[in-house]
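Per-entry structural report
The lines below spell out each chain.
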Amino acid sequence: MKTNPLFLILITGLSVSACNQSAETNASADLQNNPLMEESTLPYATPDFSKIKNEHFKPAFIEAMRQQTEAIDQITANKEEPTFDNTVLAIEKSGVLLERVSNPFYALTGANTNDELEEIQEFLAPKLSAHYDAIYLNDALFQRLKTLYTKRSELDLDQESLKLLENYYEDFEIAGANLSADDKDKLKEINAKEATLSTKFNQTLLAANNAGVIIIQDKAELAGLSESEISALKDSSDWKITLQNTTQQPLLQSLENRDLREKLFKASWNRADGSKNDTKAIISELAELRAQKAKLLGFSNYAEWSLQKTMAKTPAHVMDLFSKLIPAATAKAQNESDAIQAMVQQSGEDFKLEPWDWNLYAEKVRKAKFDLDESQIKPYFELESVLENGVFYAAEKLYGITFKKRTDIPTYHDDVLVYELFEEDGEPLGLFYGDFFSRESKRGGAWMSNLVTQSKLFDKKPVIYNVCNYTKPSEGEPALLTYDDVVTMFHEFGHALHGFFADQMYPSLSGTSVSRDFVEFPSQFNENWALYPDVLKNYAKHYKTGEQIPQTLIDKIKNAGTFNQGYALTEYLAAANLDMQWHMIPADLKISDANQFEKDALHKTKLDVVHAVVPRYRSTYFSHIFGSGYAAGYYSYLWTEMLDHDAYNWFEEHNGLTRENGQRFRDMVLSRGNTLDLEEMYRAWRGSEPKIEPLLKARGLN
Ligand SMILES: [Zn+2]
């Protein structure tokens, strides 16, 4: 999902000085008749896209930053003793305009962008970053928070207000606000170096990816690819295969020429190792630098520092999850390897299975045992039926909410569907926008975010959107989805429910503003209802005949779900484990050989036991952790998957899809936002720690 813009506001800060005088003067002229400056008069104060124009954003952002800066200055200039109201609450209120401007802006830049918006985004990025930095480096502000935090138990705060104070204090502390002036300077130096090295990593990797391209002169070498795949590779007189970011390459599933497969695989595996675009020194230095940063901040390693506000809390908990999964994952991968080796022999070949053979022969096994013909399935998955009779139906059965289509709300594109949601007693709950079809102005993938965030402080009910990239049918044709599309719709609406059921006083604790290893839990959990018999029966009907999807097709979908999961889980675990190992090194360790470090990391966790199963990313091209913000965080996907299956298991143990079960889940989990310790919240609802067995079962690993 998309980062909550509000969260962005919280992790960053302010800057009057960032906008010069003339820009401000121009800006103020542009603020008259700017629809972003006033709250919209539409229902739920949803942004009025019929009035918002590209040119409104820049001046509104500048003014919003100015207002927040002014508000923060007023807080720190206050001669009175800090109180919750004059400090914490005042910070919470300071970003109200910035959020109102940001929400529609990020909705548009994600789902319906254009050159002008992109230019504005580029213009704003450094200004916003400086703005947010200035808040978190504001020592006077931090000292007021610290005074309150130190005597927080005497302040007689309600639970959510206490959490808000702790949340702000911890964010400042994590950013280094508690350090001495000298150490702050050291930290700034480390942060700057880290940013420089990350950029260097990205640039080097980009060059490595480009240099790794494979040129084919003889079309015959491309045997196994379809004509359309071949023509997509065409580059003047040659054919060109470019590298994707994962170790395995999509074309390895079809290429019949074994030499070419090996060449492509090795180009991928060695792209940033040993060539002139080598990243080994960069990643070693990054890992060492992060260890030093953790030490400066009082932690024994980077992972320990970075996991503080997550549900997992400590590296030990993450490693414990891995160790529970590794034996089952590698055992299943070994079985898969044996079956694939047999398929090699059966195909009249005689060689030892290597990583570059896996996908081609796995695909042959899949076709023989689990073939899912999408064209047979799609007629049962018509978009609006899946949405209204599947996704909404499940939500109604569980949580009692109802839906009414609205055609009177202006949206940013004609394809966007709008529904109003109501509680069981008819009380309005919020607005939902569904933007399902792919188009050029939309980035890839699927996500959820808010146009209006729920909060009692500002008397706001949520307005939430889901964006997907389904193929748009031609005029007059029905929109038929693949099974993956169906699952994506349930997934994104799971995020939406987390936002709709938010019941918080403060926007920065509302709904989906939770840690990375929890935020995908409500969405992954919601996927489970896609195949739930009572739900499936209600939505999976042939678009022409109305006939229900036959059981044989349902069985095929279910069987296909466990195919190749030993491989998938092992390659993921190998990468996630590398991420943890790189970020658990002590501050005094020098890494002389990144390849040896990687080898040792895989060996000691027994993730190298199946010869043909390799990490999803090698360290040298693991851009999640060295090029963007996922350091010590790649495990999150697996953590939430554990929660998702364990939670669904609770429902199975308690009679499944019932109002009572749904209400309990809503009351104890979905409505709580970030107001509780996530681990304790989960345990209170589940009655125990999350267990790993349901995940193993779902992946066919038990
Ligand atoms: Zn998601």
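Structure shown above.
Summarised in this report is the structure supplied together with it. None of the values given here were measured: they were computed from a predicted structure.

Every protein donor of the zinc ion is accounted for by His491 (NE2), His495 (NE2) and Glu520 (OE), and the metal-donor separations fall at 2.1 Å. Spacing between the donor residues of the zinc ion along the chain follows H-x3-H-x24-E. With His495 in helix α18 (residues 483-500) and Glu520 in the loop between α19 (516-519) and α20 (521-527), this residue pair connects regions lying 25 residues apart in the sequence. You can call His495 buried: its relative accessible area is 0%. According to the relative accessible area criterion, Glu520 is buried, its value standing at 12%.

The next subject is the nonpolar core. Formed by 133 residues in total, the largest nonpolar core has its most connected members in Phe322, Phe381, Phe490, Trp529 and Tyr539. At 10 residues, the largest contribution of residues to this core is made by helix α17 (residues 383-399). Excluding its chain neighbours within four sequence positions, the residues that come into contact with Phe490 are Val386, Gly390, Val391, Ala394, Ser523, Asn526, Glu527, Trp529, Ala530, Val535 and Tyr539. Core analysis: the next-biggest nonpolar cluster, separate from the first, contains 36 residues, Tyr44, Ala64, Leu117 and Tyr412 among them.

Turning to the packing of helix α3 (residues 54-77) against helix α4 (residues 84-94), a few remarks are in order. In the contact formed by α3 and α4, the axes pass within 9 Å of each other and the chain directions differ by 175 degrees. By the angle between their axes, α3 is roughly antiparallel relative to α4. Listed contacts from α4 to Gln68, Ala71, Ile72 and Ile75 of α3 are Asn86, Thr87, Ala90, Ile91 and Ser94. Residues of the contact of α3 with α4, tallied by class, amount to five nonpolar, four polar and no charged.

A word on the pattern of salt bridges. Tallying each qualifying case throughout the model produces 42 salt bridges. Residue Lys280 pairs with Asp273 through a salt bridge whose shortest N-O separation is 2.6 Å. Look at Lys280 and you get buried, because its relative accessible area is 18%. Asp320 serves as the salt-bridge partner of Lys324, at 3.3 Å between the closest nitrogen and oxygen. Highlighted residues: Lys324 and Asp320, both in helix α14 (residues 315-346), separated by four residues, approximately one helical turn. Residue classification places Lys324 among the partly exposed residues on the basis of a relative accessible area of 45%. In this structure Asp320 comes out as partly exposed when scored by relative accessible area, which is 35%.

We now examine the sheet that holds strand β2 (residues 234-235). Pairing is antiparallel in the open sheet, where three strands are placed in the order β1-β3-β2. Since the sheet does not close on itself, it has two edges, and those belong to β1 (214-216) and β2, each with one partner. As paired elements, β2 and strand β3 (residues 238-241) share two bridges and run antiparallel to each other. Its bridge partner lying in β3, Asp235 is registered against Asp238. Sitting on the sheet, helix α11 (residues 258-269) touches β1 and β3, and the angle it makes with β1 is about 155 degrees.

Before going further, it helps to examine the sheet that holds strand β6 (residues 428-437). The five strands lie next to each other as β4-β5-β6-β8-β7, forming an open sheet whose pairing is mixed. Taken across any chain shown, the strands that pair with only one partner, and hence form the sheet edges, are β4 (402-406) and β7 (447-452). If you compare each strand with its neighbour and ignore which way they point, the axes differ by 25 degrees on average. Bridging between strand β5 (residues 417-422) and β6 involves six bridges; their strand directions are antiparallel. Along β6, the bridge assignment pairs Val418 with Tyr433. On the sheet, α17 packs against β4, β5, β6 and β8 (463-470) and is oriented at approximately 20 degrees with respect to β5. Each of β4, β5, β6, β7 and β8 touches α18; the most contacted strand, β8, lies at about 165 degrees to it.

What follows is about a negative patch on the surface. Taken together, Asp30, Glu55, Asp115, Glu116, Glu118 and Glu122 make up a surface patch of like negative charges. Broken down by element, the negative patch gets its largest block of residues, four residues, from helix α6 (residues 115-136). With respect to the helices, strands and loops of the structure, Asp115 is situated in helix α6. On the basis of relative accessible area, Asp115 is assigned to the exposed category, the value being 67%.

Buried within helix α24 (residues 594-604) are the following residues: Ala594, Phe597, Glu598, Ala601 and Leu602. All buried residues of α24 fall inside an arc of 125 degrees around its axis, so they share one side. Residues of α24 that are exposed and point more than 90 degrees away from the buried face comprise Lys599, His603 and Lys604. Elements in contact with the buried residues of α24: α12 (280-296) and α23 (565-582). Structurally, the start of α24 carries an N-cap: the backbone nitrogen of Asn595 is 3.0 Å from a side-chain oxygen of Asp593. Within two residues after α24, Lys606 carries a phi angle of roughly 60 degrees, on the positive side.

Once that is clear, we can look at α11. For α11, built from 12 residues, the straight-helix expectation of 16 Å at 1.5 Å per residue is met to within 8% by its first-to-last C-alpha distance of 16 Å. Along α11, the residues that are buried comprise Leu260, Arg261, Leu264, Phe265, Ala267 and Ser268. Mapping the buried residues of α11 onto a view down its axis gives an arc of 160 degrees, with all of them on the same face. Along its buried surface, α11 packs onto β1, β3 and α15 (355-370). A distance of 3.0 Å separates the backbone nitrogen of Asp259 from a side-chain oxygen at the start of α11, and that oxygen is part of Asn257.

According to the stated counting rule, one finds 53 aromatic pairs in the structure shown. On the numbers, 5.2 Å between centres and 45 degrees between planes, the contact of Phe525 with Phe651 is tilted. A residue pair is termed long-range when its members are at least 10 positions apart, and Phe525 in helix α20 and Phe651 in helix α26 (residues 636-653) qualify at 126 residues. What links up through ring pairs into an aromatic cluster is the set Phe518, Phe521, Phe525, Trp529, Tyr532, Tyr648, Trp650, Phe651, Phe665, Tyr682 and Trp685. A cation over a ring is seen here: Arg258 above Phe351, with NZ or CZ 3.6 Å from the ring centre. Positioned over the ring face of Tyr302 is Arg290, at 5.6 Å from the centre of the ring.

Thresholds applied
- Residues numbered from 1 in each chain as written.
- Predicted model: local features only at pLDDT ≥ 70, side-chain atom pairs only at ≥ 80, totals over all residues.
- Heavy atoms only, no water.
- Donors = N, O, S within 2.8 Å, 3.2 Å for Na, K, Ca; no water.
- Helix = DSSP H or I, 4+ residues; strand = E, 2+ residues; numbered from the N terminus.
- Buried < 20%, exposed > 50% of the residue type's maximum accessible area, 1.4 Å probe, protein only.
- Core = buried A, V, L, I, M, F, W, Y, C linked by side-chain atoms within 4.5 Å.
- Contact = heavy atoms within 4.5 Å.
- Axes fitted to C-alpha atoms, helices over the stretch in contact; angles between N-to-C directions.
- Parallel < 35°, antiparallel > 145°, perpendicular 65-115°, else oblique.
- Nonpolar A, V, L, I, M, F, W, Y, C, P; charged D, E, K, R; others polar.
- Salt bridge = Lys/Arg side-chain N within 4 Å of Asp/Glu carboxyl O.
- Pairing = 2+ DSSP bridges.
- Patch = residues over 30% accessible without salt bridge, like charges linked within 9 Å, V, L, I, M, F, W, Y side chains within 5 Å.
- Areas by Shrake-Rupley, 256 points an atom, 1.4 Å probe, with all protein chains shown as cover.
- Lys, Arg positive; Asp, Glu negative; His and termini not counted.
- Charge placed at Lys NZ, Arg CZ, Asp CG, Glu CD.
- Arc of directions from axis to C-beta.
- Polar contact = N/O pair within 3.5 Å; in protein donor to acceptor, adjacent residues only side chain to side chain.
- Expected span 1.5 Å × (residues − 1).
- Phe/Tyr/Trp six-rings, centres within 6.5 Å; stacked < 30°, edge-to-face > 60°.
- Lys NZ or Arg CZ within 6 Å of the ring centre and 35° of its normal.

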